[in-house]
Amino acid sequence: MKLSEIKELLPTLEHVEFQLENGTFVPEHFHVTEVGQVNKKFIDCGGVVRDEKSVNFQLWNANDYEHRLKPAKLLNIIRLSEEKLQIEDAEIEVEYQSDTIGKYDLAFNGKTFVLKAKTTACLAQDACGIPSEKQKKNLSELTVSQNSACKPGSGCC
């Protein structure tokens, strides 16, 4: 989800709710402690220099059980971040604490924002020697030529 998308959604919501893909909700008393832009410049294993930008939201649970972030408040935080930091309209990455700081993509299911698990990947598969996936076939679909087939007693087995 891009920053422009969440800005369009927030005015239509009564509550800001986040949940993990497994259905577990982020506690209602969460805080958005950071909104920023992350610039990542790196080189992949194929030698290509890459430059990625994302908008970062950090969610945090405090012992402030009476706290409820309203959609208008989050929209104001986003607008202030855009003004002060010149944040671009990029994909949102959410940091949320579980066993360690997890990084998630963001989606919307019509009611709540969903923290989608991120995975690693090789960006240069053609350059770093990863073999392409072989086509899988069922043995029952293979045909055997009678000329190449082993016959009992022929000594080929």
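This one's a predicted model, so the numbers in the text were calculated from it and none came from an experiment.

Conventions used here
- Residues numbered from 1 in each chain as written.
- Predicted model: local features only at pLDDT ≥ 70, side-chain atom pairs only at ≥ 80, totals over all residues.
- Heavy atoms only, no water.
- Helix = DSSP H or I, 4+ residues; strand = E, 2+ residues; numbered from the N terminus.
- Polar contact = N/O pair within 3.5 Å; in protein donor to acceptor, adjacent residues only side chain to side chain.
- Contact = heavy atoms within 4.5 Å.
- Core = buried A, V, L, I, M, F, W, Y, C linked by side-chain atoms within 4.5 Å.
- Buried < 20%, exposed > 50% of the residue type's maximum accessible area, 1.4 Å probe, protein only.
- Phe/Tyr/Trp six-rings, centres within 6.5 Å; stacked < 30°, edge-to-face > 60°.
- Lys NZ or Arg CZ within 6 Å of the ring centre and 35° of its normal.
- Pairing = 2+ DSSP bridges.
- Axes fitted to C-alpha atoms, helices over the stretch in contact; angles between N-to-C directions.
- Expected span 1.5 Å × (residues − 1).
- Arc of directions from axis to C-beta.

Focus on the side chain of Glu93
Working step 1: Inspection of the secondary structure puts Glu93 in strand β4 (residues 92-97).
Working step 2: At 3.2 Å, the side chain of Glu93 and the side chain of Lys118 are in polar contact.
Working step 3: Setting aside its immediate chain neighbours within four residues, Glu93 contacts Ser54, Val55, Asn56, Phe57, Lys103, Tyr104 and Lys118.

Thoughts on the nonpolar core
Working step 1: The biggest cluster of nonpolar side chains holds 28 residues, and the ones touching the most others in it are Ile6 and Leu115.
Working step 2: Secondary structure elements with two or more residues in this core: α1 (3-9), β1 (18-20), β2 (30-43), β3 (49-61), α2 (71-85), β4, β5 (101-108) and β6 (113-117).
Working step 3: The contact partners of Leu115, leaving out residues within four places of it in the chain, are Phe18, Gln19, Leu20, Glu21, Val26, Leu59, Val94, Tyr96, Tyr104, Asp105 and Leu106.

A word on the packing of aromatic side chains
Working step 1: Inspection of the entire model under this criterion finds three aromatic pairs.
Working step 2: When the centroid spacing of 5.3 Å and the interplanar angle of 90° are considered together, the rings of Phe18 and Phe30 count as edge-to-face. With Phe18 in strand β1 and Phe30 in strand β2, this pair connects stretches of sequence that are 12 residues apart.
Working step 3: Residue Phe18 is classed as buried on the basis of its relative accessible area, which comes to 1%.
Working step 4: Among the aromatic residues, those joined into a cluster by ring pairs are Phe18, Phe30, Phe108 and Phe113.
Working step 5: Sitting above the plane of the Phe42 ring, Lys40 keeps its charged end 4.8 Å from the centroid.

A word on the sheet that holds β2
Working step 1: Judged by pairing direction, the sheet is mixed, and its six strands sit side by side in the order β1-β6-β5-β4-β3-β2 without closing on themselves. Each having just a single partner strand, β1 and β2 make up the two edges of the open sheet. Taken over all neighbouring pairs, the strand axes of this sheet differ in orientation by 40° on average, direction set aside.
Working step 2: Where β3 and β4 come together, five bridges link them in parallel fashion. Bridge pairing links Phe57 to Val94 in β4.
Working step 3: Packed onto the sheet, α2 meets β2 and β3 and runs at close to 40° relative to β2.

Regarding the pairing of β5
Working step 1: Here β4 pairs with β5 via five bridges, running antiparallel. Residue pairing in the sheet places Gln97 in a bridge with Ile101 of β5.
Working step 2: Counted along the chain from β5 to the antiparallel partner β6, the turn is four residues long, and its residue Gly110 has a positive phi close to 100°.

Quick notes on α2
Three or four residues apart is the spacing at which side chains of an α-helix point the same way, because the helix has 3.6 residues per turn.
Working step 1: With 15 residues, α2 should reach 21 Å at 1.5 Å per residue; the first-to-last C-alpha distance of 21 Å fits that figure.
Working step 2: For α2, the complete set of buried residues consists of Pro71, Leu74, Leu75, Ile78 and Ser81. Down the axis, α2 shows its buried residues gathered within 120° of arc, on one side only. Exposed residues pointing more than 90 degrees away from the buried face of α2 are listed as Ala72, Glu83 and Lys84.
Working step 3: Contacts from the buried residues of α2 go to α1, β2 and β3.
Working step 4: Once α2 finishes, Gln86 follows within two positions and takes phi at roughly 55°, a positive value.

A closer look at the side chain of His29
Working step 1: Here His29 is to be found in the loop between β1 and β2.
Working step 2: Polar side-chain contacts of His29 include one of 3.4 Å to the backbone oxygen of Ala62.
Working step 3: Apart from the residues within four sequence positions on either side, His29 is in contact with Trp60, Asn61, Ala62, Asp64, Tyr65, His67 and Arg68.

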